[in-house]
Amino acid sequence: MKFTSLEKINKNVLYIALILLIFRQGSFSSSSIPNPFEIFFVLIVLLSAVYVTKDHKFKDLLFSVPRKLLIAGLLLLFSVLLGWSISIFLKHIPFDFNMILEFGAFVISLGTFLLVFLYAKNDPLYAKKYFYALLVPVVYILVILFPSLGNHLHLVSDQNFLGFTTNRNIIYKILLIPVIFFITRSLFESKNIWLKVLYILISAALTDLLFWSGERGALVCVVLGATLVLLIFSFKNFSWKKSFLGGFIVVMILVFGFAIPPYLGKDMMLNRILPQESTGTKVNSSNNSDLSIINVASPVSHQVMENRSQFWPVYLKTAIKNPLGFGPLTHMSVYYAPGKYLNFGPHNTYIEIWIWGGLLGLGSFLYIIWSAFKNLQTRLRLNFNSDTVALIGILFAMTISILVNDNIQLFCFWVILALSCL
């Protein structure tokens, strides 16, 4: 086998790795067992090193990413390392092994972004393959057709659909990608009525699983993402009939998606969506105490309500007071009142990146997202097609979803970012 074929091998290894993102079981810090994607990531990095060295592809690797985007990525990495250095050497914040693991996951995220660029930049076929690899969670609709599979394969836990993950915050973001993709296909398909019906049914089933995950953010994200897709679809060759039919399809998908789950699933969703009385301790971030960092290992002796708006201000004030960041310290302990501490993390990726890399890190991250949307807008003008519209809807939904979770290491998000910037 010639080394020139190594490029194709690497493309296929990366393709398999992206398919395996469906499995997100636990964390390396707790089990010391990596997920399949991480194993394949190490493999593709080693193979890519051989490929780049043997075939003298250093320039191809370096210039596969547009210059401004490459600079933004490097500045994001530099800002995190700078913040980490400041936290260790100047602020004397205790070093924790979990920081290395968090930073490692962040590096894998950036590495995945770069690898997708390297192997898909000049290959539309593999760009499409990498996009479609993220649609693999469509297989979960078998749980709707055969409910016993949910328990048999341990896809449901405490009435929540978790799929091959252990976290409902992860499963709903994984499901957002195929949900919005098939909603888009439902709108665009006009030649084959039966294929259109199939897309609608698949969309409804996936929406059901999305709601069944029990995350309130899932409802907001799918509605906003689907609405944006509908608007783009409607304003191209606008007609009232087209817009009304498209709106009817989207509403029916969302309605049927809510109606399909088993009774316990619907009951759980209603309990999550409707306001509930909380027994937690409300965070009062408006007191006069200065917000500061304490030992990252300090215990937290109080409960905090799930309402993110109660502890966003706490971490936001810390980020504002420390414009250079702290490195990978998402769940650092901070105090918001005398004797009261909080280490639940900001539950907001933008604040998380601000904490990690300061204003430089946040600015770099926002520039990458802005570049992705700008590039998709250009692609849409040149070639109006369902895949590009779906990517816009998915990226929009995911940028909303990371508002309510710490997801700087959400690999599928970085893949979508890379595909959007191609």
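Residues numbered from 1 in each chain as written. Predicted model: local features only at pLDDT ≥ 70, side-chain atom pairs only at ≥ 80, totals over all residues. Heavy atoms only, no water.

J.: Looking at this structure, I do not really get the overall build of the protein chain. What am I missing?
T.: When its secondary structure is counted, the protein chain shows 18 helices and five strands. Evaluated residue by residue, the protein chain yields a buried proportion of 50% over its 422 residues. For the protein chain, restricting intrachain contacts to residue pairs at least 6 apart in sequence, the fraction spanning at least 24 positions comes to 77%. On the protein chain, roughly 20100 Å² of surface is accessible, and the fraction owed to carbon and sulfur atoms is 67%. (Helix = DSSP H or I, 4+ residues; strand = E, 2+ residues; numbered from the N terminus. Buried < 20%, exposed > 50% of the residue type's maximum accessible area, 1.4 Å probe, protein only. Contact = heavy atoms within 4.5 Å. Areas by Shrake-Rupley, 256 points an atom, 1.4 Å probe, with all protein chains shown as cover.)

J.: What's the story with the pattern of salt bridges in this structure? I'm lost.
T.: Taken as a whole, this structure holds five salt bridges when the rule is applied. Two residues, Arg24 and Glu38, come together in a salt bridge whose shortest N-O distance is 2.8 Å. With a gap of 14 residues between them, Arg24 in the loop between α1 (6-19) and α2 (28-31) and Glu38 in helix α3 (residues 36-54) connect regions that are remote in the sequence. Linking Arg185 and Asp387 is a salt bridge whose minimum nitrogen-to-oxygen distance equals 3.2 Å. Placement of the pair is Arg185 in helix α10 (residues 168-188) and Asp387 in helix α17 (residues 386-401), with a sequence separation of 202 residues. (Salt bridge = Lys/Arg side-chain N within 4 Å of Asp/Glu carboxyl O.)

J.: Even after reading the chapter, I still don't get unusual backbone geometry, so can you show me in this structure?
T.: Trans peptide bonds make up the majority, and among non-glycine residues the majority have a negative phi. Even without being glycine, His92 reaches a positive phi, approximately 55°. Its location among the elements puts His92 in the loop between α5 (67-90) and α6 (97-120). With a phi angle near 50°, His347 is a residue other than glycine that sits in the positive phi range. With relative accessibility at 18%, the residue His347 sits in the buried group.

J.: I tried to follow the packing of aromatic side chains on my own but got confused; where do I start?
T.: Think of a pair of aromatic rings as described by two things: how far the centres are apart, and how the planes are tilted against each other in angle. Under the defined criterion, the tally for this structure stands at 27 aromatic pairs. With 5.9 Å between their ring centres and 55° between their planes, Tyr350 and Phe365 make a pair best called tilted. Tyr350 sits in the buried class, given a relative accessible area of 15%. Three or more aromatic residues joined by ring pairs form one cluster here, namely Phe113, Phe117, Tyr350, Phe365, Phe413 and Trp414. Here the guanidinium or amino end of Lys242 rests over the ring plane of Phe233, the centre of that ring lying 4.6 Å away. (Phe/Tyr/Trp six-rings, centres within 6.5 Å; stacked < 30°, edge-to-face > 60°. Lys NZ or Arg CZ within 6 Å of the ring centre and 35° of its normal.)

J.: What is the right way to read the side chain of Glu352 from this model?
T.: Relative to the elements of secondary structure, Glu352 occurs in helix α16 (residues 349-382). As a buried residue without a salt bridge, Glu352 has its nearest oppositely charged side chain in Lys173, at a separation of 10 Å. Among the polar contacts made by the side chain of Glu352, one reaches the main-chain amide nitrogen of Asn407 at a distance of 3.2 Å. Here the side chain of Glu352 touches Ile408 through a polar contact of 3.2 Å, landing on its backbone nitrogen. Those residues in contact with Glu352 that sit more than four places away from it in its chain are Thr330, Pro346, Asp406, Asn407, Ile408 and Gln409. (Lys, Arg positive; Asp, Glu negative; His and termini not counted. Polar contact = N/O pair within 3.5 Å; in protein donor to acceptor, adjacent residues only side chain to side chain.)

J.: What's the story with the packing of α5 against α6 in this structure? I'm lost.
T.: Helix-helix packing is characterised by the crossing angle of the two axes and by the distance between the axes. Direction vectors running N to C along α5 and α6 enclose 175°, while the axes themselves pass 12 Å from each other. With respect to α6, the element α5 is oriented roughly antiparallel. Only Met99, Ile100, Phe103, Phe106, Leu110, Phe113 and Phe117 of α6 make contact with α5, whose side of the interface consists of Leu69, Gly73, Leu76, Leu77, Val80, Leu81 and Trp84. (Axes fitted to C-alpha atoms, helices over the stretch in contact; angles between N-to-C directions. Parallel < 35°, antiparallel > 145°, perpendicular 65-115°, else oblique.)

J.: It is not clear to me how the side chain of Ser186 should be interpreted in this structure. Could you clarify?
T.: Along the chain, Ser186 turns up in helix α10. In this structure the side chain of Ser186 is engaged in a polar contact, spanning 2.7 Å, whose partner is the backbone oxygen of Phe182. A distance of 3.3 Å separates a polar side-chain atom of Ser186 from the backbone oxygen of Tyr199.

J.: When you look at the packing of helix α11 (residues 193-212) against helix α13 (residues 240-259) in this model, what are you seeing that I'm missing?
T.: For the pair α11 and α13, the least separation of the axes is 7 Å and the interaxial angle reads 45°. In terms of orientation, α11 and α13 fall into the oblique class. When the axes of α11 and α13 are compared, the crossing they make is right-handed. In contact with Lys196, Ile200, Ser203, Ala204, Thr207, Asp208 and Phe211 of α11, α13 contributes Ile249, Ile253, Leu254, Phe256, Gly257 and Phe258. Taken together, the residues of the contact of α11 with α13 sort by class into eight nonpolar, three polar and two charged. (Left-handed = near helix turned anticlockwise from the far one by under 90°. Nonpolar A, V, L, I, M, F, W, Y, C, P; charged D, E, K, R; others polar.)

J.: Can you help me understand helix α7 (residues 124-133) in this one?
T.: For an α-helix, the turn length of 3.6 residues means that residues three or four places apart are oriented alike. Three or more residues of α7 are buried, namely Tyr126, Ala127, Tyr130, Phe131 and Ala133. Angular distribution of buried residues about the axis of α7 spans 160°; they occupy a single face of the element. Set apart from the buried face of α7 by more than 90 degrees, the exposed residues are Pro124 and Leu125. Contacts made by the buried residues of α7 are with α1, α6, α10, α17 and α18 (411-421). (Arc of directions from axis to C-beta.)

J.: Got a minute to help me understand a nonpolar patch on the surface in this structure?
T.: Taken together, the side chains of Ile71, Leu75, Phe78 and Leu360 make up a nonpolar region of the molecular surface, amounting to roughly 330 Å² of accessible area. Residue classification places Leu360 among the partly exposed positions, given a relative accessible area of 34%. (Patch = residues over 30% accessible without salt bridge, like charges linked within 9 Å, V, L, I, M, F, W, Y side chains within 5 Å.)

J.: Explain the confidence of the model for the protein chain here, please?
T.: Here the protein chain shows a mean pLDDT of 84. Residues at 70 or above account for 82%. Confidence drops under pLDDT 50 across residues 277-281; counting only partners more than four residues distant or on other chains, this segment forms ten contacts. Across residues 285-305 the pLDDT falls below 50, and counting only partners more than four positions away or on other chains, this stretch makes 63 contacts in the model. (pLDDT = per-residue confidence, 0-100.)

J.: Got a minute to help me understand the environment of Phe244 in this structure?
T.: Secondary-structure assignment places Phe244 in helix α13. When its relative accessible area of 64% is taken as the criterion, Phe244 is described as exposed. Between the C-alpha atoms of Phe244 and Ser234, which are ten residues apart in sequence, the distance is 8.8 Å.

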